[in-house]
Amino acid sequence: MHQTYPADLASPHMRFILGLLSALLGMLAGWSALAALVIMLAGPDRDGGIAMGAVFNIGPIGGVAGLIAGIWLFMRFGLVRRAALPSAAESADAPPRQAARLSYPFAVTVLCVAASLAWWAWYELIRSPNLSHGFMTLELQFRLPAGMTLPDKEEDVRIEVEEAQGYATALLPANWRAHDGDRPAIIASASLMYKTRHRAVSLTLPGIPTQSWPVDLPSDPDPTPGYSPWRVASEPSPTKIEMHFRLSADR
């Protein structure tokens, strides 16, 4: 009894598509595997030069080897050859012809791998929750009213950045105590990483109610050319502390 296959698996177009996918997947696997091996053997790379060379200079060698391996795997395991029944025009004594069909398990495996990689690329490059620029630095400056005293300790200053459903505590640099004319100021920064339209900054100082400001940035923002205008807190406050920000890419 002969094993039956779906009719599409005998189509030349389907064989071409599966063969092409097998070759491309082999090229991708060989390229990334060789590049990853070089990076692993080279050890730490501070400036990224080794990684760039491994991906763009050495990786293509693995890509060529993987391409050849993918074609060989397709020819070796992807095609099933069996004797075809002679047609009415052929003699019964004619040698049997070999009909090539796609291997159903091989076709399913290749399609599943290709679909998984396509979904991963779609998620990471288009629908990823992470910013396209990677981690970005939100630089903050708070301007206090004239005559107001700055806290002496960093622990007395709490600045939180709300991003999507999470919170991050802003970091204060060594020169976090500053002045803008006769007004004391606080300098801080925080990292942004998620695509979201909801971002807010809150500032808590000793003896002063927590104040918050919305951060009006696009969901997936680009670096800003400069600081935003000064703005007061969203909730009315007698202190009228002002805040402005700018956004820069970490890379």
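Everything below is about the structure printed above this text.
Procedures and definitions
- The numbering scheme is per chain: residues are counted from 1 as the chain's sequence reads.
- Reporting in this predicted model follows two pLDDT cut-offs: at least 70 for local features of residues, and 80 or more for side-chain atom pairs to be given and counted; totals over whole chains, interfaces and linings ignore these cut-offs and use all residues.
- Only heavy atoms go into the side-chain values, all of them from the structure, while hydrogens and water stay out.
- Strands are runs of DSSP state E lasting at least two residues, helices are runs of H or I lasting at least four, and both sets are numbered from the N terminus onward.
- Throughout this description, buried means an accessible area under 20% of the type-specific maximum (1.4 Å probe, protein chains only), exposed means over 50%, and partly exposed covers the range between.
- Residues are treated as being in contact if the distance between any of their heavy atoms lies within 4.5 Å.
- The accessible surface values rely on the Shrake-Rupley method and a 1.4 Å probe; as for residues, cover is taken only from the protein chains in view.
- Throughout this description, a polar contact denotes any pair of N or O atoms lying within 3.5 Å of each other; where both atoms belong to protein, one of them has to be capable of donating a hydrogen while the other can accept it, and for residues adjacent in sequence the pair is counted only when both atoms sit in side chains.
- Two strands qualify as a pair provided that DSSP identifies no fewer than 2 bridges between them.
- Only residues above 30% relative accessible area that lack a salt bridge enter a patch, with like-charged residues linked at up to 9 Å and the nonpolar side chains Val, Leu, Ile, Met, Phe, Trp and Tyr linked at up to 5 Å.
- Salt bridges are defined by distance alone: a side-chain nitrogen of Lys or Arg within 4 Å of a carboxyl oxygen of Asp or Glu.
- Every angle, taken between N-to-C directions, lies between 0 and 180 degrees, and every axis is a line fitted to C-alpha atoms, over only the stretch in contact when it is a helix.
- The scheme is simple: roughly parallel for angles under 35 degrees, roughly antiparallel for over 145, roughly perpendicular for 65 to 115, oblique for anything else.
- Each crossing is labelled by how the near helix is turned from the far one, with a counterclockwise turn of less than a right angle marking it left-handed and a clockwise turn marking it right-handed.
- Gly counts as polar in this scheme, as do all residues outside two lists: the nonpolar Ala, Val, Leu, Ile, Met, Phe, Trp, Tyr, Cys and Pro, and the charged Asp, Glu, Lys and Arg.
- Between the rings of Phe, Tyr and Trp (Trp by its six-membered ring), a pair exists once the centres lie within 6.5 Å; its type follows the angle of the planes, with under 30 degrees stacked, over 60 edge-to-face, and the other angles tilted.
- Both a distance and an angle decide whether a charge sits over a ring: NZ of Lys or CZ of Arg must be within 6 Å of the ring centre and within 35 degrees of the ring normal.

For the rest of this paragraph, the subject is the overall build of the protein chain. Looking only at helices and strands, the protein chain has three helices and eleven strands in total. When the helices and strands of the protein chain are read in sequence order from the N terminus, they spell out α-α-β-β-α-β-β-β-β-β-β-β-β-β. Considering the protein chain as a whole, with its 251 residues, one finds that 30% of them fall into the buried category. Considering only residue pairs separated by 6 or more positions, the protein chain has 66% of its internal contacts joining residues 24 or more positions apart. In the form shown here, the protein chain has an accessible surface area of approximately 15,800 Å², with 63% of it arising from carbon and sulfur atoms.

Okay, the side chain of Glu163 next. Within the secondary structure, Glu163 sits in strand S4 (residues 158-163). Accessibility expressed as a relative area gives 7% for Glu163, which makes it buried. Within polar-contact distance, the side chain of Glu163 engages the backbone nitrogen of Tyr194 at 2.8 Å. Apart from the residues within four sequence positions on either side, Glu163 is in contact with Ser191, Leu192, Met193, Tyr194, Thr196, His198 and Arg199.

The next thing to look at is the sheet that holds strand S7 (residues 183-192). Strand order in the open sheet formed by five strands is S6-S7-S3-S11-S10, and the pairing between neighbours is antiparallel. Of all strands in the sheet, those with a lone pairing partner are strand S6 (177-180) and strand S10 (231-232), marking the two edges.

Moving on: a nonpolar patch on the surface. On the surface, Trp119, Trp120, Trp122, Tyr123, Leu125 and Ile126 cluster together into a nonpolar patch covering about 730 Å² of accessible area. Mapped onto the fold, Leu125 is located in helix H3 (residues 104-127).

Remark: helix H1 (residues 12-42) packs on H3, axes separated minimally by 10 Å, with the N-to-C direction vectors making an angle of 55°. Regarding the angle of H1 to H3, the classification is oblique. Helix-helix and strand crossings are classified by hand; for H1 and H3 the assignment is left-handed. Judged by residue contacts, Leu18, Leu21, Ser22, Leu25 and Leu28 of H1 engage Phe106, Ala107, Val110, Leu111, Val113, Ala114 and Leu117 from H3. Within the contact of H1 with H3, the residues separate by chemical class into eleven nonpolar, one polar and no charged.

With that out of the way, let us pick up the sheet that holds strand S9 (residues 208-214). On the basis of which strands lie adjacent, the open sheet formed by four strands has the order S5-S4-S8-S9 and antiparallel pairing. Bordering the open sheet on either side are strand S5 (166-169) and S9, each of which pairs with just one other strand. Across this sheet, the average inter-strand angle for adjacent strands is 20°, counted without regard to direction.

Looking now at the packing of aromatic side chains. The geometry of an aromatic ring pair is captured by two quantities: the separation of the ring centres and the angle between the planes. Across all of its chains, the model carries three aromatic pairs by this definition. With 6.0 Å between their ring centres and 85° between their planes, Trp72 and Phe77 make a pair best called edge-to-face. Since its relative accessible area comes to 43%, Phe77 is described here as partly exposed. Arranged with centres 6.2 Å apart and planes meeting at 55°, the rings of Phe74 and Phe106 form a pair that is tilted. Of this pair, Phe74 sits in helix H2 (residues 49-78) while Phe106 sits in helix H3, placing them 32 residues apart in sequence. On the basis of relative accessibility, which here comes to 8%, the residue Phe74 falls in the buried class. The ring of Phe77 has Arg76 lying over it, and the distance from NZ or CZ to the ring centre is 4.9 Å.

The phi dihedral of Lys240 is positive, around 50°, even though this residue is not glycine. Looking at the element boundaries, Lys240 is found in the loop between S10 and strand S11 (242-249). For Lys240, a relative accessible area of 56% corresponds to the exposed category.

As a further point, take the packing of H1 against H2. Between H1 and H2, the shortest axis-to-axis distance is 5 Å and the interhelical angle comes to 145°. Where H1 crosses over H2, the handedness of that crossing is right-handed. The residue makeup of the contact of H1 with H2, split by class, is 19 nonpolar, nine polar and one charged.

So, on to the pattern of salt bridges. One pass over the full model with this rule turns up eight salt bridges. One salt bridge in this structure joins Arg246 and Glu139, with 2.9 Å as the shortest N-O distance. With a gap of 107 residues between them, Arg246 in strand S11 and Glu139 in strand S3 (residues 136-143) connect regions that are remote in the sequence. With a closest N to O distance of 3.8 Å, Arg177 and Asp152 form a salt bridge. With Arg177 in strand S6 and Asp152 in the loop between S3 and S4, this pair connects stretches of sequence that are 25 residues apart. Looking at Arg177, the relative accessible area reads 40%, which means it is partly exposed. Owing to a relative accessible area of 66%, Asp152 belongs among the exposed residues under this scheme. Ionic contacts of the salt-bridge type, sharing partners, join the residues Arg143, Asp180, Arg183 and Glu242 into one network.

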